[in-house]
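# A structural walkthrough
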Amino acid sequence: MLLVRQLFGSSSNSWVRALIIFVLAWAVLVYVFVLKLTNTQAGGQGQAGGQGLGLGGQSFGSASLGGVGDNELNTRRINQAMQLLEHTKQRNEELKLLIDELMSEQLDKQSALKLIQRLEQDAASKGAGNDGLLVDDTLFEVVPADSDMERGLEAAAALDVAPQQLPSQLLSGVAGVEPSLEYELTRRRVQTNVAEIWNYFSSELGKIRKSLGTGNSDLEESIQQVLLQGAEHKRSLLSDMEQLRRVDGYEAWRHKEATELSDLVQRRLHHLQNPSDCANARKLVCKLNKGCGYGCQLHHVVYCFIVAYATERTLILKSRGWRYHKGGWEEVFRPVSNSCHDAGTANAYNWPGKPNTQVLVLPIIDSLMPRPPYLPLAVPEDLAPRLKRLHGDPIVWWVGQFLKYLLRPQTSTRDFLNSGMRNLGWQRPIVGVHVRRTDKVGTEAAFHGIEEYMTHVEDYYRTLEINGTSVVRRIFLASDDARVIEEARKKYPQYRIVGDPEVARMAAVSTRYTDTALNGIILDIHLLSMSDYLVCTFSSQVCRVAYEIMQTMYPNAADRFKSLDDIYYYGGQNPHNRRAVIAHKPRSHEDLQLKVGDLVSVAGNHWDGNSKGKNTRTNQGGLFPSFKVVDKVETAKLPVYSGV
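Description of the structure in this document. Owing to the predicted nature of the structure, the values given are computational and were not obtained by experimental measurement. (Residues numbered from 1 in each chain as written. Predicted model: local features only at pLDDT ≥ 70, side-chain atom pairs only at ≥ 80, totals over all residues. Heavy atoms only, no water.)

### Some thoughts on the packing of aromatic side chains
Let me state the cut-off plainly: For Phe, Tyr and Trp, rings pair up if their centres lie within 6.5 Å, where Trp contributes its six-membered ring, and each pair is then called stacked (planes under 30 degrees apart), edge-to-face (over 60) or tilted (otherwise). For helices the rule is a DSSP run of H or I covering at least 4 residues; for strands it is a run of E covering at least 2, with both sets numbered from the N terminus onward. A 1.4 Å probe rolled over the protein chains alone gives each residue an accessible area, and that area as a share of the maximum for its type sets the label: buried under 20%, exposed over 50%, partly exposed in between. Charge-over-ring placement is defined geometrically: NZ (Lys) or CZ (Arg) within 6 Å of the ring centre, and within 35 degrees of the ring normal.
Taken as a whole, this structure holds 23 aromatic pairs when the rule is applied. Arranged with centres 5.7 Å apart and planes meeting at 75°, the rings of Y294 and Y324 form a pair that is edge-to-face. In this pair, Y294 sits in helix α10 (residues 294-311) while Y324 sits in the loop between β2 (314-318) and β3 (348-350), placing the two residues 30 residues apart along the sequence. With respect to class, Y294 is no different from Y324; both count as buried. Through pairs of rings, three or more aromatic residues link up here, namely Y294, W322, Y324, W329, F333 and Y513. Positioned above the aromatic ring of Y513, the side-chain terminus of R323 is 3.9 Å from the ring centre. In this structure, R544 packs its charged tip against the face of Y569, placed 3.9 Å from the ring centre.

Here it is in structure tokens:
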């Protein structure tokens, strides 16, 4: 390898270097080929000899048995030879391309290094990493259940091999090889548009079927068959897109980049929260007891933490008398600081204060005036280029990092979570389903029957099994209505439904603000976030929190959800803008007119191929095809915490 590197370091005699590489590579391959055949032949002869001795003097057995043994041995030899020849063919093509590039003097240093890395990897016969969850003990410090066999089963089925025979390099790629931003954006856009085109056609065909009068049973049956075939086609395309992600050679980079980005943010938060001189440090005071539920209060603390990060102030969380636990946050989760726990004796001033104000008190996000540009949905300007390439929804990743730091459990909480997982029998593959009822329905959200949730659960498992694999179908069902769990178990006996009706009963409004109920909601969110896929309503903050935490467990889990109502949003956020990439001519008076480059402030997705929003250029509101726009990642200039 040193010789190869030295050869690439010079710009002269390109054809000589190419010829040397070509001859050496072929010599190595021929040597390996002969060695393998020689070993196989020797092994076969030894085995035959052993069989002869085992027969106690009966020479080498009957002629027929000997013939069968020879056939099997020859078959093995041929198979090994074909495998080696195929490998040789692949390397030959690569070397031919290399020679062409060298002869035309177009080989750059990056291409050379990539070839060297591949040759080194083949020589070492080692893969890098795997396609499972990111191992991260900081989030709740609970060791995940069984490794995510979903991805192994899917890949094995696609390659027609047993899961344990999967080459690790197919699942992980080569360390140091990175995708372009354009590739990652395009790959994710194709996956999103597959879902959007299915939303459109299934919705339109459904409308046609409903409009049919009596006596059209044949046409109705034809439409039903088109829907069934279309759904299968959609699942096949999504499965192919997932397989493309695994085998495109960039998975090692995705895992590495996700780990490094998360570690960077966690170091910055730790530095911010543990100043060397607490007495003189600038601080931001946040009062936990916002008048809302647990998920809403978590989002309130995250908002405070984002402002603290942006203003370089240590967050002081006031939580005594917390409505969920009177002892305060620190008895459930670790303190947000190891060394700076109170505001001190300095005078406290309300937002916005001045840059030199030592102690600043923050109101709830709805009352914040003036509103700074770094509120969600903005991400840090210095991290944005990396996040755009890595993640399908950078703001969800960004919020997830604050939850990762905040939700570090005390020992008693960690033990409770471990015990809860064991008692429920939680294991993968599993779909997390959250059904919000009670006070939410009729005020902030519409009623959705369990059948609607299970339609998407069924679709997820059918996609998982598209290539003929078979898995145990499990769901983790969380709700604030115990009757939902009982109903699901009666209607769907073919599923293993994991859930605790008692936890659901404690989540009712009358008993919600108790220690028992707090433990239940913490467990629910934890298990929802660790599920392979989420089916829920994003109008519920509990589901959005679970989705945000899920982002800390994968390089990119932006598409691991199905919301029955809202798109993702952060309460009190700045406008959610999308940019038109395809012009749109209105189909009716309800539609927006779009020109390429127009910014659309999005209000929601109707999940029928259309979204609703307002064109900021024309100030017109209306519908537009969802596939004609892409998210505009908002950024804000924030401290970079140099040296951390």
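### Some details on the pairing of strand β7 (residues 474-479)
Threshold: Pairing between strands is defined by DSSP: at least two bridges between the two strands are required. Orient the strands so they point away from the viewer; a crossover is then right-handed if the path from the first strand over the helix to the second runs clockwise.
Buried residues dominate β7, accounting for 6 of its 6 residues. One ladder, built from 5 bridges, connects strand β6 (residues 431-435) with β7; its direction is parallel. By the bridge assignment, V435 is partnered in β7 with S479. With 3 bridges joining them, β7 and strand β8 (residues 496-498) adopt parallel strand pairing. Residue pairing in the sheet places I475 in a bridge with I497 of β8. Remark: the β7/helix α15 (residues 482-491)/β8 crossover connection has right-handed handedness.

### Quick notes on the sheet that holds β7
Across a sheet, strands are paired by hydrogen bonds formed along the backbone, either parallel or antiparallel in direction. Just so we agree on the cut-off: Note on geometry: axes are lines fitted to C-alpha atoms, helical ones only across the stretch in contact, with angles between N-to-C directions running from 0 to 180 degrees.
Taken in spatial order, the 5 strands of this open sheet run β8-β7-β6-β9-β10, and their pairing is parallel. Looking at the sheet topology across the chains shown, the edges are occupied by β8 and β10 (561-563). Ignoring which end each strand starts from, the neighbouring axes of this sheet average 20° apart.

### Considerations on the nonpolar core
The criterion, for reference: To qualify as a nonpolar core, a set must consist of buried Ala, Val, Leu, Ile, Met, Phe, Trp, Tyr and Cys residues joined through side-chain atoms within 4.5 Å. Contact between two residues is taken to exist if any of their heavy atoms lie within 4.5 Å; hydrogens are not considered.
Core analysis: the largest hydrophobic core is formed by 89 residues, its most contacted members being Y294, Y303, F305, W329 and W398. Examining the composition of this core, we find that 12 residues originate from one element, α10, more than from any other. Look past the residues within four positions of Y303 in its chain and what remains in contact with it is L362, P363, I364, I365, L368, L375 and Y570. Of all hydrophobic cores here, the second largest spans 24 residues; its members include Y461, V484, Y495 and V535.

### Overview of the state of the cysteines
Put simply, the rule is: Any two cysteine sulfur atoms lying within 2.5 Å of each other are counted as a disulfide.
Tallied over the entire structure, the rule returns 4 disulfides. There is a disulfide in this structure between C292 and C296, and the S-S distance comes to 2.1 Å. Its S-S torsion of approximately -80° makes the covalent link between C292 and C296 left-handed. The exposure classification of C292 matches that of C296, with both residues buried. What pairs with C536 in a disulfide is C543, and their sulfur atoms sit 1.8 Å apart. Taking the torsion about the sulfur-sulfur bond, which here is approximately -55°, the covalent link between C536 and C543 counts as left-handed. Both residues of the pair, C536 and C543, count as buried. With its bonded cysteines labelled in order along the sequence, the protein chain shows the pairing 1-6, 2-5, 3-4, 7-8.

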